[in-house]
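# Understanding the architecture of this molecule
Chain residues, written in single-letter form:
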Amino acid sequence: MKHAQEKIVQAAVLLIGDELLSGQTQDINLAHIAKRLQECGIRVSEARVVADNVNDILAALNHLRKRYDYVLTTGGIGPTHDDITADVVAQAFGVEISHNEEAVRRLEAQYTGSDYTLNESRLRMARIPHGARLIDNPVSGAPGFMLDNVVVMAGVPEIMRAMLEHAVSFLEGGALEESRSVRVHLGEGDLAAPLKQLQETWESVRIGCYPSFSDGKSAGVRVVLRSNDASLLESAFEDLLGVLRKMSENIEIL
């Protein structure tokens, strides 16, 4: 992992799968990806969910890869007919796709001595767009891959997390973003005007306000400040605390 200290590096996440849109599967990959990339100095700025449809995946992928430094996809690289992500990525970049010798070797090693045979369907997982770099999969053998700025990973959370750990080793991160948080027993409506003024004062600090409820009643809000400039963040946070202390005695710095 390399870091460009002053550069803001942004990524998009493309979650692929009919099961996500039908509600049959609840995605937990996005949160993990966002947190892990944040640690590497890469900000997830957009996320999309698309069906297992060639045109939908292609349109989303082409838009996102041109807009962001990186695009990370999950899903659609298994052995079944609806696993079409690798083919769409090849189409997006205008390259051929075929069985990758190293990917085949890894699958052979994975299935040797197992209860399953490496049939033609499973060999589909070794089809890699030409010019792509393989991403290790220590869980089930079948690798993901990276082509240009697109990282392609499995949708199964355990496998995706293992792939992501290898992928981040060759992504270039930027300035690390830090955050400060405070919880206060006020409503969003009470804080709307003060936070708007604070945001105008500290334009380069991102300010978020997140309410919570308990037994149907307001339990207050959590205000989060984020910035790549640590000193600027601290100054803005002190300004925030000054505002909040005039409004409430029930303040908890998180």
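Here we summarise the structure given alongside this text.

Conventions and cut-offs
- Residues numbered from 1 in each chain as written.
- Predicted model: local features only at pLDDT ≥ 70, side-chain atom pairs only at ≥ 80, totals over all residues.
- Heavy atoms only, no water.
- Pairing = 2+ DSSP bridges.
- Helix = DSSP H or I, 4+ residues; strand = E, 2+ residues; numbered from the N terminus.
- Salt bridge = Lys/Arg side-chain N within 4 Å of Asp/Glu carboxyl O.
- Buried < 20%, exposed > 50% of the residue type's maximum accessible area, 1.4 Å probe, protein only.
- Phe/Tyr/Trp six-rings, centres within 6.5 Å; stacked < 30°, edge-to-face > 60°.
- Lys NZ or Arg CZ within 6 Å of the ring centre and 35° of its normal.
- Axes fitted to C-alpha atoms, helices over the stretch in contact; angles between N-to-C directions.
- Contact = heavy atoms within 4.5 Å.
- Parallel < 35°, antiparallel > 145°, perpendicular 65-115°, else oblique.
- Left-handed = near helix turned anticlockwise from the far one by under 90°.
- Nonpolar A, V, L, I, M, F, W, Y, C, P; charged D, E, K, R; others polar.

Pairing between strand S11 (residues 178-184) and strand S13 (residues 217-227): seven bridges, direction antiparallel. In the strand pairing of S13, Ser181 is matched with Val224. Examined bridge by bridge, S11 and strand S14 (residues 251-253) share three bridges and lie antiparallel to one another. Its bridge partner lying in S14, Val182 is registered against Ile253.

Further remarks concern the pattern of salt bridges. If the charged atoms of two oppositely charged side chains come close together, the side chains can form a pair. Taken as a whole and judged by the stated rule, the model has 14 salt bridges. The partner of Arg43 in a salt bridge is Glu177, and the shortest N-O contact between them spans 3.3 Å. With Arg43 in strand S3 (residues 42-50) and Glu177 in the loop between strand S10 (172-173) and S11, the pair connects residues that are 134 residues apart, well separated along the chain. According to the relative accessible area criterion, Glu177 is buried, its value standing at 13%. With a shortest N-O distance of 2.9 Å, Arg48 and Glu46 are connected by a salt bridge. Here the residues in one salt-bridge network are Glu102, Arg105, Arg106 and Asp136, joined through shared partners.

Tallied over the full model, the rule gives zero aromatic pairs. Positioned over the ring face of Phe93 is Arg65, at 4.3 Å from the centre of the ring.

Glancing now at unusual backbone geometry. Non-glycine residue Asp148 carries a positive phi angle of around 55°. By the element assignment, Asp148 lies in the loop between strand S8 (144-147) and strand S9 (150-153). With relative accessibility at 59%, the residue Asp148 sits in the exposed group.

The subject of this paragraph is the sheet that holds S9. Pairing between the strands of a sheet comes from backbone hydrogen bonds, and it takes one of two forms, parallel or antiparallel. Spatial ordering of the open sheet is given by S3-S2-S4-S9-S8-S7, a layout of six strands whose pairing is mixed. Here the strands that pair on one side only, and so sit at the sheet edges, are S3 and strand S7 (133-135). Between one strand axis and the next, the sheet turns through 20° on average, direction left out of account. Taken together, the three bridges between S7 and S8 define a ladder with antiparallel strand orientation. Paired with Arg133 across the strands is Met146, a residue of S8.

Now for the sheet that holds S14. Here four strands make up an open sheet; going across it, the order is S12-S13-S11-S14 and the pairing antiparallel. The sheet terminates laterally at strand S12 (206-214) and S14, the two strands that pair on one side only. Going from strand to strand, the sheet's axes swing by 20° on average, the running direction of each strand aside. Its contacts with the sheet put helix H8 (residues 188-201) on S11, S12 and S13, and the angle it makes with S12 is roughly 170°.

The subject of this paragraph is the packing of helix H2 (residues 29-39) against helix H7 (residues 157-167). Geometry of a packed helix pair, given as the angle between the helix axes and the separation of the axes. Contact geometry of H2 with H7 gives a least axis separation of 11 Å together with a crossing angle of 15°. One finds that H2 runs roughly parallel with respect to H7. You can see that H2 and H7 cross each other, and the crossing is right-handed. Note on element contacts: H7 touches H2 through Pro157, Met160, Arg161, Leu164 and Glu165, opposite Asn29, His32, Ile33 and Arg36. Each residue belonging to the contact of H2 with H7 can be placed in one class, and the counts come to four nonpolar, two polar and three charged.

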